Amino acid sequence: MRKSAGFTIVELLIVIAIAGVLSAIAIPNFSTWVASYRLKSAAQAVHANLIGAKMLGAKEGREYRITTAASAFTIQQGNLSSNSTAWTTVKTLAMTEYPGVTANAANAIVFVPRGTASNETITLTNSKGATKTITVSIAGRVKIN
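Anyway, here's the lowdown on the structure attached to this text. Worth saying up front: this structure is predicted, and the values here are computed from it rather than measured.

Some words on the overall build of the chain
In terms of regular secondary structure, the chain is built from one helix and eight strands. Secondary structure elements of the chain, listed N to C terminal, follow the sequence α-β-β-β-β-β-β-β-β. Rg of the C-alpha trace for the chain: 24 Å, well past the compact-globule value of 15 Å for 145 residues, more than 25% over. Taken along its principal axes, the extent of the C-alpha atoms in the chain is 95 × 25 × 20 Å. Looking at the chain as a whole, 28% of its 145 residues are labelled buried. Considering only contacts in the chain between residues 6 or more positions apart, those separated by 24 or more positions represent 45%. Accessible surface, the chain: about 9,200 Å² in total, of which carbon and sulfur atoms supply 60%. Taken together, the 14 basic and 5 acidic charged side chains of the chain have centroids lying 6 Å from each other.

Right, here's the structure in full:
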C-alpha cells in the first residue's frame, strides 16, 4: 500500500473555487462595513470637537465658532462680547481622514462662554448614502443621532 503524500490537483481546485465563491460574497459586505465605520468615526470626531469647543469657550470666557465645509471643519476663537468680529482659527479637522464622508451644515455653530449655542444640525453622509446627524441644541447639548 502506498502512503499519500499530498493533495491532488482536483482537491486544490475545489478549495480554490470555494475560496473564490466566499470572497465574492464577502467583498461587497466588507466595503459597506468600511463605509459605515468611516461614517461612525467621522461623527464621533466631529462630536468630540464640538464638545471640546464648548468646553474651551466656558473655560476661557470666549466664543468658539465651528464652520463646516464638505472637506473640513474649522474651529475658530472669537470675542463677540467686546464687539470683535475677528475669528482666529484654532483647529481644522480635515474630512480627508474619512474618505467618502462629506459634511453639511446650513450655518456656523457658535458656542458662547456660558455654554449655550446656536441651534444647528450637521449632516454627515458616506459614499453608500447612509447618514448621521449631529444636533446642537440651544442649551449647548451635542448629540449624535
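There's plenty left to go through after this.
Here we look at the packing of aromatic side chains
Each pair of aromatic rings is reported with the distance of its centres and the angle of its planes. Per the counting criterion, the structure on display carries two aromatic pairs. Grouped by ring-pair contacts, the aromatic residues F30, W33 and Y37 constitute a single cluster.

Description of the sheet that holds strand β8 (residues 142-144)
Ordered by their spatial adjacency, four strands build an open sheet running β4-β6-β7-β8, and the pairing between neighbours is antiparallel. Strands at the two margins of the open sheet, each flanked by one partner only, are β4 (102-105) and β8. Adjacent strand axes in the sheet meet at a mean angle of 20 degrees when their direction is disregarded. Relative to strand β6 (residues 120-125), β4 runs antiparallel, the two being bridged by four bridges. Bridging across to β6, T102 finds its partner in T125. The strands touched by helix α1 (residues 9-60) are β6, β7 (131-136) and β8; relative to β7, the strand with the most contacts, the crossing angle is about 10 degrees.

Cut-offs applied
Residues numbered from 1 in each chain as written. Predicted model: local features only at pLDDT ≥ 70, side-chain atom pairs only at ≥ 80, totals over all residues. Heavy atoms only, no water. Helix = DSSP H or I, 4+ residues; strand = E, 2+ residues; numbered from the N terminus. Rg over C-alpha atoms; globule rule 2.2 N^0.38 Å. Buried < 20%, exposed > 50% of the residue type's maximum accessible area, 1.4 Å probe, protein only. Contact = heavy atoms within 4.5 Å. Areas by Shrake-Rupley, 256 points an atom, 1.4 Å probe, with all protein chains shown as cover. Lys, Arg positive; Asp, Glu negative; His and termini not counted. Charge placed at Lys NZ, Arg CZ, Asp CG, Glu CD. Phe/Tyr/Trp six-rings, centres within 6.5 Å; stacked < 30°, edge-to-face > 60°. Pairing = 2+ DSSP bridges. Axes fitted to C-alpha atoms, helices over the stretch in contact; angles between N-to-C directions.

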